[in-house]
Amino acid sequence: MMELLLPSLGQGVKVGKLLCIGRNYAKHAAEMQSNVPEEPIVFLKPSTSLVGNGGAVLLPERSREVHHEVELVAVIGVGGKRIPEEKALDHVDAYAVGLDMTARDLQAAAKRKGLPWSVAKGFDTFAPLGPLVDARHIHDAQDLEIRLEVNGEVRQHGHTRDMMFSVARLVSYCSEIFTLMPGDLLYTGTPDGVGPVREGDVLEAHITGVPSLRVRVRRE
Ligand code: MG
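A short tour of the structure in this document, coming up. (Residues numbered from 1 in each chain as written. Predicted model: local features only at pLDDT ≥ 70, side-chain atom pairs only at ≥ 80, totals over all residues. Heavy atoms only, no water.)

### Points about the environment of L99
Item 1. If you trace the backbone, L99 turns up in strand β9 (residues 92-99).
Item 2. Judged by relative accessible area, which is 0%, L99 ranks as buried.
Item 3. Separated by 114 residues in sequence, L99 and L213 have C-alpha atoms that sit 8.9 Å apart. (Helix = DSSP H or I, 4+ residues; strand = E, 2+ residues; numbered from the N terminus. Buried < 20%, exposed > 50% of the residue type's maximum accessible area, 1.4 Å probe, protein only.)

Pasting the structure below:
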């Protein structure tokens, strides 16, 4: 799934950067026993970590503990650099629900050693992405319910109003560092309730007004 059909542009573009935000909900920072950040925590995933709706998340052999993190994903349409916050949402072409799958054991080891998270976050299939909805159909990205069910049981249930940094702020912030391009994806952080997945689990992610995402967990 390396091509995205951008709704307002009406054309397919290659998936670009996967920009991800850590600790954007205070309760999730608390459950990770981490401080609330003063500015956004940004990390990247490779485009090869994408998997589409109906696909499978593959548990890598290197990890014993892979967690689900349900997130609102903003899809960049028109690119830009140093985009002011007031203009930032003009650059969001679509939204989707995504999962930031995380090898929590590898991440914890990396944190202890002060090493990057690329391995813990970047395995193939560690960035499931649901179908896109045109951003014009989402009246307020900060007024959406966000939910994850594992085998039909609700595990995460949050609200985008609880983001510490809004989608507009995040787009603006990221664009100060990276030139944003059409097809870039921004995973905006997860609410609390993260936890492990097991082989055979079915993950269903829902956000108000956004098409749902369903993936199955398998061993690599
Ligand atoms: Mg995350």
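### A few points about the environment of R82
Item 1. Tracing the sequence through the fold places R82 in the loop between β8 (70-76) and β9.
Item 2. What makes R82 exposed here is its relative accessible area of 60%.
Item 3. With 48 residues separating them along the chain, R82 and G130 place their C-alpha atoms 28 Å apart.
Item 4. Residues in contact with R82, not counting those within four places in the same chain, are S175 and E176. (Contact = heavy atoms within 4.5 Å.)

### Considering the pattern of salt bridges
Item 1. Applying the stated criterion to the full structure yields 9 salt bridges.
Item 2. Of the charged contacts in the structure, one is a salt bridge between K121 and E69, with a shortest N-O distance of 3.5 Å. Of this pair, K121 sits in helix α3 (residues 118-122) while E69 sits in the loop between β7 (66-68) and β8; the two residues are 52 residues apart in sequence, bridging distant segments of the chain. An identical accessibility class is assigned to K121 and E69; each is buried.
Item 3. R147 is the partner of E149 in a salt bridge, and the nearest nitrogen-oxygen pair spans 3.2 Å.
Item 4. Overall, E149 belongs to the buried group, its relative accessible area being 12%.
Item 5. Within the structure, one salt-bridge network assembled from shared partners comprises K45, E69, D100, R104 and K121. (Salt bridge = Lys/Arg side-chain N within 4 Å of Asp/Glu carboxyl O.)

### Examining the coordination of the magnesium ion
When a metal holds four donors in a tetrahedron, each ideal angle between them is 109.5 degrees; when it holds six in an octahedron, the ideal angles are 90 or 180 degrees.
Item 1. Coordination of the magnesium ion by the protein comes from E69 (OE), E71 (OE) and D100 (OD), over a distance range of 2.0 to 2.1 Å.
Item 2. We note that the donor set of the magnesium ion lies within a single chain, spaced as E-x1-E-x28-D. On the criterion of sequence distance, the pair formed by E69 in the loop between β7 and β8 and D100 in the loop between β9 and β10 (102-103) is long-range, its members being 31 residues apart.
Item 3. On the basis of relative accessibility, which here comes to 4%, the residue E69 falls in the buried class. (Donors = N, O, S within 2.8 Å, 3.2 Å for Na, K, Ca; no water.)

### Details of the nonpolar core
What tends to happen in soluble globular proteins is that the nonpolar side chains get buried as a cluster.
Item 1. Within the largest apolar cluster, 46 residues are counted, with the highest numbers of intra-cluster contacts made by Y95, L99, V167, V171 and L203.
Item 2. Sorting the residues of this core by element identifies β3 (18-22), β6 (56-59), β8, β9, β13 (145-150), α4 (167-177), β17 (202-207) and β18 (210-219) as the ones contributing at least two each.
Item 3. It is α4 that provides the largest number of residues to this core, a total of 5 residues.
Item 4. Residues V13, L18, F43 and A94 belong to the second largest nonpolar core, which totals 18 residues. (Core = buried A, V, L, I, M, F, W, Y, C linked by side-chain atoms within 4.5 Å.)

### What about the pairing of β18?
Along any regular strand, the residues point their side chains to alternate faces of the sheet.
Item 1. Relative to β18, β6 runs parallel, the two being bridged by 4 bridges. Each residue of the ladder has a partner; that of A56, found in β18, is R216.
Item 2. As judged from the 5 bridges shared by β17 and β18, these two strands associate in the antiparallel manner. Note on β18: the bridge partner recorded for L203 is V215.
Item 3. With antiparallel pairing between neighbouring strands as the criterion, β17 and β18 make up a hairpin whose turn holds 2 residues, including G209 at a positive phi of roughly 75°. (Pairing = 2+ DSSP bridges.)

### Considerations on helix α2 (residues 104-113)
Item 1. Among all positions of α2, only R104, Q107 and A110 are buried. Along α2, the residues classed as buried sweep out an arc of 120° about the axis, all on the same side. When the buried face of α2 is taken as reference, the exposed residues oriented beyond 90 degrees from it are R112 and K113.
Item 2. In this fold, the buried residues of α2 make contact with α1 (26-31), β7, β10 and α3.
Item 3. Residue G114 follows α2 closely and has a positive phi angle near 70°. (Arc of directions from axis to C-beta.)

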